[in-house]
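Read off the chains here:
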Amino acid sequence: MSQIKGIHHITAIAGDAQENLDFYTGVLGMRLVKKSVNQDDPGTYHLFYADAEGHPGTDLTFFPWARAERGLARGRKGAGLSVEVSLAVPSGSLEYWAARLANAGVETAPVETRFGERVLPFQDPHGMELSLVETGDQRLFTAWEDSPVPTDYQVRGLHSARLWERHLETTARFLTDVLGFEQLGTEDGWVRFGVQGGGSGKVVDIREVPDARLGQWGVGSVHHIAWRLPDQEEELVARSQVIAAGGHPTEVINRFWFKSVYFREPGGVLFEFATEGPGFALDENPAHLGEQLILPPWLEPHRSEIEAALPPLGTPLAVANRP
């Protein structure tokens, strides 16, 4: 069986690109580690936020499709979609975060406890449901010195995702028998699954909602969840397992910074396998990640028309204030 090591990244759909950038860098203090375009629709940005080095597992990415420009409605929460993304923060930091978010005008729900972890739920400016989860789990993380958030409070990366499914048993069997997850526990109608023993960045929570309408992609919704594999060899093993289970994965797609395979799990959520490398420093100086529009080599000949189609995007506040 393939060796999924946890979440590689999660990609969502945003509205205005500048609002998205200002929130994730200026409020949440994450680093923009790659400013590129949606390779399947180069007329829109693909923005990658992560830790200082863009380690796999710290990366939350967005396709900003402004509703006015694309006619794209708000996403519809429902079965077959991820309904929340959880970000890891250090133990004892939620009071800091509650105050910081309040100062930024972000309304938060009361702190709650999930599977023994303290959680602060809220929404981003385009309605995507987020939560900050306190965790002391060890993970690959490099603090960003230019972040407006002090090092001791910075987002450590992706903690988990929450899914709604009409038929829990079918998805549970796929996760455990095909992808190598194990069931870790149940609580308040949610079932937690994890890989390699679970822990921050290695878990997904699922709620069975048999009568819920199907979800629909749109502004504020999660597009897909990518699971991390060490290399293309392991990715091909995982792909063959999905095929053997009756799935229909894509061929391996070269995304330049990693290799990808896409497929839907039985309940309809779009999953991806993504390799750990070669990484975001492949084509940029690590000290200046995210400062320029970077295109993969096959799109570089079309740079002028791509840049003309993209809306202006200002410099992240922390970078603009760099000495």
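Everything discussed here concerns the structure shown above.
Here goes a summary of the coordinates provided. Think of each chain on its own: its residues are numbered from 1, step by step along the sequence as written. Whole-chain, interface and lining totals are the exception, using all residues; otherwise, since this is a predicted model, local features are given only for residues with pLDDT of at least 70 and side-chain atom pairs are given and counted only at 80 or more. Computation of side-chain values covers all heavy atoms of the structure but excludes hydrogens and water.

### Digging into the nonpolar core
Keep this limit in mind: Remark: nonpolar core denotes a set of buried residues (Ala, Val, Leu, Ile, Met, Phe, Trp, Tyr, Cys) joined through side-chain atoms within 4.5 Å. The cut-offs for exposure are 20% and 50% of the maximum accessible area for each residue type, with area from a 1.4 Å probe on protein chains only; residues under the lower value are buried, those over the upper are exposed, and the others partly exposed.
In this structure, Y24, L60, L179 and F273 are the most contacted members of the largest nonpolar core, which totals 65 residues. Counting 10 residues, the second-largest nonpolar core is a separate cluster that includes V33, A50, A274 and L289.

### Concerning the packing of aromatic side chains
This is how it is decided: Two rings from Phe, Tyr or Trp (for Trp, the six-membered ring) form a pair when their centres sit within 6.5 Å of each other. Planes less than 30 degrees apart are called stacked, planes more than 60 degrees apart edge-to-face, and all others tilted. The helix and strand labels rest on DSSP assignments: H or I over at least four residues marks a helix, E over at least two residues marks a strand, and numbering proceeds from the N terminus. Put simply, a charge is over a ring when the Lys NZ or the Arg CZ is close to the ring centre, within 6 Å, and near the line of the ring normal, within 35 degrees.
Summed over the entire model, instances satisfying the criterion amount to 17 aromatic pairs. Relative to W97, the ring of Y96 lies with its centre 5.5 Å away and its plane at 85 degrees, an arrangement referred to as edge-to-face. Here the aromatic rings of W227 and F271 are separated by 5.7 Å at their centres, their planes lie at 80 degrees, and the arrangement is edge-to-face. Placement of W227 in strand β13 (residues 222-229) and of F271 in strand β16 (residues 270-275) is noted, with a sequence separation of 44 residues between them. Side by side, W227 and F271 carry an identical accessibility label, which is buried. Over the ring of W190 we find R162; its NZ or CZ atom is 3.8 Å from the centre of that ring.

### Structural notes on the environment of L293
Keep this limit in mind: Should any heavy atoms of two residues lie within 4.5 Å, those residues are counted as being in contact.
Structurally, L293 can be placed in the loop between β16 and α6 (303-309). Residues L293 and K34 lie 259 residues apart in sequence; the distance between their C-alpha atoms is 7.9 Å. When near neighbours in sequence (up to four residues on either side) are disregarded, L293 contacts K35, S36, V37, Y45, R303, E307 and L310.

### Considering helix α3 (residues 94-103)
Put simply, the test is: Here the arc refers to the set of directions running from the helix axis out to each C-beta atom.
For α3, the full list of buried residues reads L94, W97, R100 and L101. The buried side chains of α3 occupy one side of the element, clustering within an arc of 120 degrees when seen end-on. Contacts made by the buried residues of α3 are with α1 (17-27), β5 (81-90), β7 (117-123) and β8 (129-135). One or two positions beyond α3, positive phi appears at G105, with a value near 80 degrees.

### Describing the sheet that holds strand β10 (residues 182-187)
Put simply, the rule is: Two strands are counted as paired when DSSP detects at least two bridges linking them. Fitted lines through C-alpha atoms serve as axes, helices being fitted only where they are in contact, and the angles separating the N-to-C directions of these axes extend from 0 to 180 degrees.
Taken in spatial order, the eight strands make up an open sheet running β6-β7-β8-β5-β9-β12-β11-β10, and their pairing is mixed. Each end of this open sheet is capped by a strand with a single partner; those strands are β6 (112-114) and β10. For this sheet, the mean angle separating the axes of adjacent strands, direction not counted, is 30 degrees. In terms of strand pairing, β10 meets strand β11 (residues 190-194) through five bridges, oriented antiparallel. Looking across to β11, one finds that G185 is bridged to R192. Helix-sheet contacts for α3 involve β5, β7 and β8, and the interaxial angle to β7 is about 10 degrees. Contacts from helix α4 (residues 168-178) reach β9 (157-165), β10, β11 and β12 (203-208), with the element oriented near 160 degrees to β12.

### What to know about empty space enclosed by the protein
Quick note on the threshold: Space inside and on the surface of the protein is sampled on a 1 Å grid over the protein atoms alone, with a cavity defined as a set of points where a 1.4 Å probe fits but cannot get out and a pocket as an open set with protein on both sides within 12 Å along at least 5 of 7 lines; lining residues have an atom within 4 Å of a point. Grid points are joined across faces, edges and corners, and a volume is the space filled by probe spheres set on the points. When residues are sorted by character, Ala, Val, Leu, Ile, Met, Phe, Trp, Tyr, Cys and Pro go into the nonpolar class, Asp, Glu, Lys and Arg into the charged class, and all the rest, Gly among them, into the polar class.
Tallying each qualifying case throughout the model produces four cavities of 30 Å³ or more. Each pocket or cavity is described by its volume, and for the largest cavity that value is around 50 Å³. Looking at the largest cavity, the residues that line it are L28, G29, M30, R31, A50, D51, F141, W144, Q154 and V155. By residue class, the composition of the lining of the largest cavity is six nonpolar, two polar and two charged.

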